[in-house]
Amino acid sequence: MSKVRIGVVGLGFFAQNQLEAWRVIEGVEIAAVCDRDPAKVEAARQRYGVERGYTDVAEMLSDGGIDAVDVATTPPSHRAIVEQVARAGKAVICQKPMAETLEDARAMVEACRRAGVSFTVHENFRFQRPMREVAGLLRDGAIGEPFFARISFRTPYDVFANQPYLATESRFIILDLGIHLLDLARCFMGDARDVSCWTKRVNPKIRGEDVATMVLDHGGGRTSIVDCSYATHQVPDPWPQTIVIIEGTEGTISLEADYRLHLTRGAEITTRHVPPPAWPWSKLPLDIIQDSVVALQKHWVESYLAGRPAETSGEDNLKVVELVHAAYADAERRR
Ligand code: NAD
Ligand code: 89Y
């Protein structure tokens, strides 16, 4: 069977993980790379052994020979590129956040629906190995009916060193990082129907909020607290780990730092160590995210070949984008 031919657009900081992952996944090949910066195109062509390189998406698409486009540019460019790819009739994967505004996100989902192309968001936190384990326990009924969750990501990590654009955005932590945690909350507790939110900027050198606390109503008395901070003094720094607690009618699941997963039922506790598998390019402590990229992209290939939407389809992810904007609206109302 011929390989699925991927064109990767945006060859910056995070795309390197996506390119490494495509290389180890069976049944796909990187057919072309594209970035508006020619130096990055040349570097990616050399490093990943890709013949075709472009500085313009339109040119890459018109040359043909591509089945799907993986968009790893920064958010302001997402809508235009996704719509362009949809018009060309190709499947599209787009990094989170799908778009900066709800209006753009809705338009992107609609454009792909109208063009009849599959649209997936590269929402990878739910593909982290420990998160798959937690979801599996919930699915197996290990704690009965879940009624409370806390999903927490707090760190002093200097995230702006690798991603300087995050310091200048008027909206930072919910749109960039909270979006992953809100998706996890949905994944574990079901869709949310309401969100309350409080935000704060602690770091005076950045423009947006770097601390957020959100309370979600999942219906039927189920609630979750989703909290994140890039301003927390903490030693050792858990970055980039997410801490999870889920309480259910028959037990509690607790994912602590260093991937210790506890399952408590009555007076009994069982503990497992669930670290991510290592890849040749894994770089501690980012290995958890790097492995999730492989897992998501493998899932995408399986879904694409089976002709079904991926778990993180555009339509599904729109619900997370809606939550993000509802959270900002609530925080602004309180202010
Ligand atoms: P980056 O600035 O390092 O790279 C973006 C690249 O896109 C740059 O090389 C830029 O030249 C290129 N680009 C921008 N607009 C373009 C256009 N119209 N055509 C062609 N190339 C264009 O950014 P990054 O930190 O790699 O972030 C990229 C995306 O990845 C963002 O959406 C970010 O939120 C996401 N991200 C996800 C994770 C995760 O864990 N899922 C982690 C980091 C970043
Ligand atoms: O961009 C963000 C993401 O998606 O995961 C972590 C991150 O790199 C910084 O908050």
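About the thresholds
Residues numbered from 1 in each chain as written. Chains lettered and ligands numbered in written order. Predicted model: local features only at pLDDT ≥ 70, side-chain atom pairs only at ≥ 80, totals over all residues. Heavy atoms only, no water. Salt bridge = Lys/Arg side-chain N within 4 Å of Asp/Glu carboxyl O. Helix = DSSP H or I, 4+ residues; strand = E, 2+ residues; numbered from the N terminus. Buried < 20%, exposed > 50% of the residue type's maximum accessible area, 1.4 Å probe, protein only. Pairing = 2+ DSSP bridges. Axes fitted to C-alpha atoms, helices over the stretch in contact; angles between N-to-C directions. Contact = heavy atoms within 4.5 Å. Near = heavy atom within 4 Å. Polar contact = N/O pair within 3.5 Å; in protein donor to acceptor, adjacent residues only side chain to side chain. Areas by Shrake-Rupley, 256 points an atom, 1.4 Å probe, with all protein chains shown as cover. Nonpolar A, V, L, I, M, F, W, Y, C, P; charged D, E, K, R; others polar. Parallel < 35°, antiparallel > 145°, perpendicular 65-115°, else oblique. Left-handed = near helix turned anticlockwise from the far one by under 90°. Domains from an automatic or database assignment.

Identification of the protein chain as Gfo/Idh/MocA family oxidoreductase from Microvirga aerilata is taken from an unreviewed UniProt entry.

Taken as a whole and assessed by the stated rule, the structure comprises 27 salt bridges. Across the pair arginine 79 and aspartate 104 runs a salt bridge, and its minimum N-O distance is 2.8 Å. Placement of the pair is arginine 79 in helix 4 (residues 78–87) and aspartate 104 in helix 5 (residues 102–115), with a sequence separation of 25 residues. Residue classification places arginine 79 among the partly exposed positions, given a relative accessible area of 27%. Two residues, glutamate 311 and arginine 132, come together in a salt bridge whose shortest N-O distance is 3.0 Å. In this pair, glutamate 311 sits in the loop between helix 8 (287–306) and helix 9 (314–334) while arginine 132 sits in helix 6 (residues 129–139), placing the two residues 179 residues apart along the sequence. It is possible to trace a salt-bridge network through shared partners that takes in Arg126, Arg132, Asp183, Arg186, Asp191, Glu311, Asp316 and Lys319.

Further remarks concern the sheet that holds strand 3 (residues 52–54). Two pairing modes exist for strands in a sheet, parallel and antiparallel, and in both the strands are linked by backbone hydrogen bonds. Strand order in the open sheet formed by six strands is 3-2-1-4-5-6, with parallel pairing between adjacent strands. The open sheet is flanked by strand 3 and strand 6 (119–122), the only strands paired with a single partner. Strand after strand, the sheet turns through a mean of 25° between neighbouring axes, direction not considered. Here strand 2 (residues 28–34) pairs with strand 3 via three bridges, running parallel. Bridging from a neighbouring strand, alanine 32 pairs with arginine 52 of strand 3. Packed on one face of the sheet, helix 1 (residues 15–24) meets strand 1 (4–9), strand 2, strand 4 (68–71), strand 5 (91–95) and strand 6 and runs near 150° to strand 2. Against the sheet, helix 8 makes contact with strand 1, strand 2, strand 4, strand 5 and strand 6, and its axis sits at roughly 170° relative to strand 6, the strand it touches most.

On to the site of ligand 2. The environment of ligand 2 is formed by Lys96, Phe125, Val159, Gln163, Asp176, Leu177, His180 and Tyr230. In the environment of ligand 2, an oxygen atom lies 2.6 Å from a nitrogen or oxygen atom belonging to the side chain of tyrosine 230. Contact with the protein chains removes 89% of the 270 Å² of surface that ligand 2 exposes when unbound. Taken together, the residues that form the shell around ligand 2 break down as four nonpolar, two polar and two charged.

Let's shift gears to the packing of helix 1 against helix 8. Contact geometry of helix 1 with helix 8 gives a least axis separation of 9 Å together with a crossing angle of 55°. In terms of orientation, helix 1 lies oblique with respect to helix 8. In terms of crossing hand, the pair formed by helix 1 and helix 8 is right-handed. For the pair formed by helix 1 and helix 8, the contact residues are Asn17, Gln18, Ala21, Trp22 and Val24 on the first element and Gln290, Val293, Val294, Gln297, Trp300 and Val301 on the second. Looking at side-chain class alone, the contact of helix 1 with helix 8 contains seven nonpolar, four polar and no charged residues.

Near ligand 1 you find 23 residues, and of these Phe14, Asp35, Lys40, Lys96 and Tyr165 are the closest. Within the side chain of aspartate 35, a nitrogen or oxygen atom sits 2.6 Å from an oxygen atom of ligand 1. Side-chain polar atom of asparagine 124 to a nitrogen atom of ligand 1: 2.9 Å apart, as the coordinates give it. Here ligand 1, which alone exposes 850 Å², has 88% of that area covered by the protein. Among the residues forming the shell around ligand 1, the class breakdown is nine nonpolar, ten polar and four charged. Lining the shell around ligand 1 are residues from two domains, each supplying at least three of them: domain 1 (4–117) and domain 2 (126–281 + 319–334).

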